[in-house]
Amino acid sequence: MNSLFDAKHTWLHSINPSLKLVTILSLFIVAINIHFLDLMVGFLCVILLLFIFATGYSYKQLFILSLPFVLIFLSTSSSMILFGKGETILYKWAYIQVSEESLIRGIHLGFRALSFAMLGLLFALTTKPVKLFYSLMQQFRLSPKFAYSFMAAIRLIPIMVEEYQMIINAQRVRGVEQKNNFLKRMKRLAIPLLSQSIRRAYRIAVSMEAKRFQSDKKRTYYYKVGFSRNDLFFISYFLLMLGLIYILSIHDPFLPSTDVRYLPE
Amino acid sequence: MQRGLKLTDILITIVISIAFGILYKIWGPLYYAVKPFGLHIDQLIYGMWFMAATVAFLIIRKPGVALLAEIAASSGEFLMGSEFGLEVLLYGIIQGLFAELILFAFRYKRVDLFVISLAALSSCAGSLIMDFYKGYIGDLSTWNLTLFIVFRVISSILFTGVFAVSIVKALEATGVTNLVRASSKKDHEALDQ
């Protein structure tokens, strides 16, 4: 799935996928509990460092991947900046009211969304889905029927996309009105796509069941996924760096260090 | 009879989620195009993100399907490397869980519009809770927050409730749902004759 671009194999690629997933989900939880702008900026930098230097992708590729970041920043911060609560008014026009508090809060939200975007990409760019599911089976005892279903489904995606194109073309050939209301068009595409996909999935599933893919009994795995020294390094990187920015923000605050949430006096 | 989900149920649920993933490609750009204006017009189509859960449940009608459908839909986006992947994954899990709770409360027996709309509203509530934590929406000025919530509730009922039910009705007409649903008493009676 990550054949988007070719990348060098870095230490991030060799981290145990389950451990990587758990780490990234924990970082998400950490990030939604950060309410200070300076900590948020620090958190973003910690991830940015890995994103730029450790994924094994060229700067050009990373740049292309980062283009939507502008849109992400704007779309998550704009509502809060324009319509957020706050006392120190900077600008007011009709319903729009930009205050110092809402501005800082909006920027905070923008940075938070960026850090999630980079964390997500960090994972997707350096993890093969197949390895993830093998790892989940071996480390988390995920039932094989789930893991193999997911892996089979990943293989079905290109076939389904092709089918979707075919449905659109077929409808065009038959002169089905294109400019129609949105829901009607949606339904006309959804029914054939869903019914064909369900039929195909059913056929595949029946043959997979016949081959005992769903058996939960002790089984062997083609890919054995274990742990390495890199895993330790990965976790300690985040622990050390996050500790560092926390200490820095206490001793040497470089940005307005107030709670961005609206707290009425 | 084997209890729980069979591999067939699981694979079909995941495939339904992928089909929605593909269909989202039509309105995804529309969603992100209207999002930055701050007036929450995007919320009017927000309900479509939970649709996979109710459609999959209506087709397969087994416990756990709604949650699995949401996880499949969101993990797809995550694994494919989307900028919104990580957020979507967490939202998906919460929304699926909330929909599942309502279906569980009715013992997975009711498949009418009322219960499906309740499940839609529950998913909507789950996503709002996430937004309170992650997006500080509680700090929006009151009129703006009201607009936000009202738009999202409307779209949840419209898409995840009404539209999902109508799609599955049409699918039932094609006969494809007979493949996956457990054989009913009526089927057994038909065999006895």
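Please read all numbers here as calculations on a predicted model, not as lab measurements. (Residues numbered from 1 in each chain as written. Chains lettered and ligands numbered in written order. Predicted model: local features only at pLDDT ≥ 70, side-chain atom pairs only at ≥ 80, totals over all residues. Heavy atoms only, no water.)

**Q** Pulling in residues and values, what's your account of the overall build of chain B?
**A** Helix and strand counts for chain B come out as seven helices and zero strands. Reading chain B from its N end, one meets helices and strands in the order α-α-α-α-α-α-α. At 17 Å, chain B has a C-alpha radius of gyration in line with the 16 Å of a compact globule built from 193 residues. Summarising its shape, the C-alpha atoms of chain B cover approximately 65 × 35 × 25 Å along the three principal directions. Within chain B, counting contacts between residues at least 6 apart in sequence, those at least 24 apart form 72% of the total. Surface accessibility of chain B: about 7,900 Å² in total, with carbon and sulfur atoms responsible for 69%. Taking the average place of the 15 positive charges on the side chains of chain B and the average place of its 14 negative ones, the gap between the two points comes to 7 Å. (Helix = DSSP H or I, 4+ residues; strand = E, 2+ residues; numbered from the N terminus. Rg over C-alpha atoms; globule rule 2.2 N^0.38 Å. Contact = heavy atoms within 4.5 Å. Areas by Shrake-Rupley, 256 points an atom, 1.4 Å probe, with all protein chains shown as cover. Lys, Arg positive; Asp, Glu negative; His and termini not counted. Charge placed at Lys NZ, Arg CZ, Asp CG, Glu CD.)

**Q** Please provide a residue-by-residue account of the UniProt feature "transmembrane region" (unreviewed entry) in chain B, values included.
**A** Under the UniProt annotation, "transmembrane region" (unreviewed entry) lies at residues 7-24, 44-60, 88-106, 113-133 and 145-168 of chain B. In the segment residues 88-106 of chain B, helix accounts for 95% and strand for 0%; the C-alpha atoms at its two ends are 27 Å apart. (UniProt positions renumbered as here; feature names shortened; annotations may be inferred.)

**Q** Could you give an account of the UniProt feature "transmembrane region" (unreviewed entry) in chain A, naming the residues involved and the relevant values?
**A** Residues and elements named next belong to chain A. As recorded in UniProt, the sites labelled "transmembrane region" (unreviewed entry) are residues 21-54, 60-83, 103-126, 146-164 and 232-251. Helix makes up 100% of residues 103-126 and strand 0%. Its end C-alpha atoms lie 35 Å apart. Annotation note: span residues 232-251, helix share 100%, strand share 0%, distance between end C-alpha atoms 28 Å.

**Q** I'd love a proper account of the interface of chain B and chain A, names of residues and values included.
**A** Each side of the interface is counted separately: chain B has 61 residues, and chain A has 74 residues. For the chain B and chain A pair, buried surface summed over both sides reaches about 6,300 Å², with 79% attributable to carbon and sulfur atoms. Summed over the three residues of chain B that lose the most area to chain A, namely B:Leu7, B:Glu83 and B:Tyr136, the buried surface amounts to 13% of that side. Counting across the chain B and chain A interface gives one salt bridge. We note a salt bridge from A:Arg105 to B:Asp139, for which the minimum N-O separation is 3.3 Å. If you look at where chain B meets chain A, you find 14 residue pairs in polar contact (both at pLDDT 80 or more). Counting only elements with at least two residues in the side of chain B that touches chain A, the list comes to helix H1 (7-34), helix H3 (65-79), helix H4 (85-105), helix H5 (113-134) and helix H6 (142-174) of chain B. (Buried area = accessible area lost by both parts, 1.4 Å probe. Salt bridge = Lys/Arg side-chain N within 4 Å of Asp/Glu carboxyl O. Polar contact = N/O pair within 3.5 Å; in protein donor to acceptor, adjacent residues only side chain to side chain.)

**Q** Can you explain the packing of helix H1 (residues 17-32) of chain A against H4(B)? Please cite residues and give values.
**A** Viewed as axis vectors pointing N to C, H1(A) and H4(B) meet at an angle of 85°, and their least axial separation amounts to 11 Å. Put simply, H1(A) runs roughly perpendicular to H4(B). Side by side, H1(A) and H4(B) meet where A:Ile24, A:Leu25 and A:Phe28 of the first sit next to B:Leu86, B:Glu87, B:Leu89 and B:Leu90 of the second. Looking at the contact of H1(A) with H4(B) residue by residue, the class counts come to six nonpolar, no polar and one charged. (Axes fitted to C-alpha atoms, helices over the stretch in contact; angles between N-to-C directions. Parallel < 35°, antiparallel > 145°, perpendicular 65-115°, else oblique. Nonpolar A, V, L, I, M, F, W, Y, C, P; charged D, E, K, R; others polar.)

**Q** Outline the packing of aromatic side chains, listing residues and values.
**A** Applying the stated rule across the entire model yields 19 aromatic pairs over all chains. Residues B:Tyr46 and B:Phe50 carry aromatic rings whose centres are separated by 5.8 Å and whose planes lie at 70° to one another, so their mutual orientation is edge-to-face. On the basis of relative accessible area, B:Tyr46 is assigned to the buried category, the value being 8%. When its relative accessible area of 0% is taken as the criterion, B:Phe50 is described as buried. Grouping aromatic residues by their ring pairs yields a cluster made of A:Tyr134, A:Tyr148, A:Phe213, A:Tyr221, A:Tyr222 and A:Tyr223. In this structure, B:Arg107 is placed above the aromatic ring of B:Phe104, and the distance from its NZ or CZ to the ring centre is 5.9 Å. When the ring centre of B:Tyr46 is taken as origin, the NZ or CZ atom of B:Arg152, which lies over that ring, is 3.6 Å away. (Phe/Tyr/Trp six-rings, centres within 6.5 Å; stacked < 30°, edge-to-face > 60°. Buried < 20%, exposed > 50% of the residue type's maximum accessible area, 1.4 Å probe, protein only. Lys NZ or Arg CZ within 6 Å of the ring centre and 35° of its normal.)

**Q** Go over the side chain of B:Ser122, please, and point to the residues and values.
**A** Residue and element names in this part refer to chain B. Within the fold, Ser122 resides in helix H5. Only 2.7 Å separates the side chain of Ser122 from the backbone oxygen of Phe98, close enough to count as a polar contact. Residues within four places of Ser122 in sequence aside, it is in contact with Phe98, Ala99 and Ile102.

**Q** How would you summarise the side chain of A:Thr10 if you had to cite specific residues and measurements?
**A** Residue and element names in this part refer to chain A. Counting through the fold element by element, Thr10 comes out in the segment before H1. By relative accessible area, which is 14% here, Thr10 ends up buried. Ignoring sequence-local partners within four residues, the contact set of Thr10 consists of Ala54, Thr55 and Gly56.

**Q** Outline the nonpolar core, supporting the account with residue identities and numerical values.
**A** Membership of the largest hydrophobic core comes to 139 residues, with the highest contact counts inside it found for A:Phe43, B:Ile16, B:Phe20 and B:Ile59. Per-element accounting of this core gives the leading share, 14 residues, to H1(B). With sequence-adjacent residues up to four places away left out, B:Phe20 is seen in contact with A:Leu194, B:Met51, B:Ala52 and B:Val55. (Core = buried A, V, L, I, M, F, W, Y, C linked by side-chain atoms within 4.5 Å.)

**Q** Explain unusual backbone geometry to me, and be specific about the residues and the numbers.
**A** Backbone geometry at A:Arg141 places phi at a positive 55°, although glycine is not the residue there. Tracing the sequence through the fold places A:Arg141 in the loop between helix H6 (129-139) and helix H7 (144-173). Given the relative accessible area of 71%, A:Arg141 is considered exposed. You will see that B:Arg61, though not glycine, has its phi angle at about 55°, which is positive. Structurally, B:Arg61 is set in the loop between helix H2 (51-60) and H3.

**Q** Quick one: what's the story with the environment of A:Ile167, residue by residue and with numbers?
**A** Residues and elements named next belong to chain A. Mapped onto the elements, Ile167 comes out in helix H7. Spatially, the C-alpha atoms of Ile167 and Leu44 are 43 Å apart, while their sequence positions differ by 123 residues. Excluding residues within four positions of it along the chain, Ile167 makes contact with Leu189, Pro192 and Leu193.

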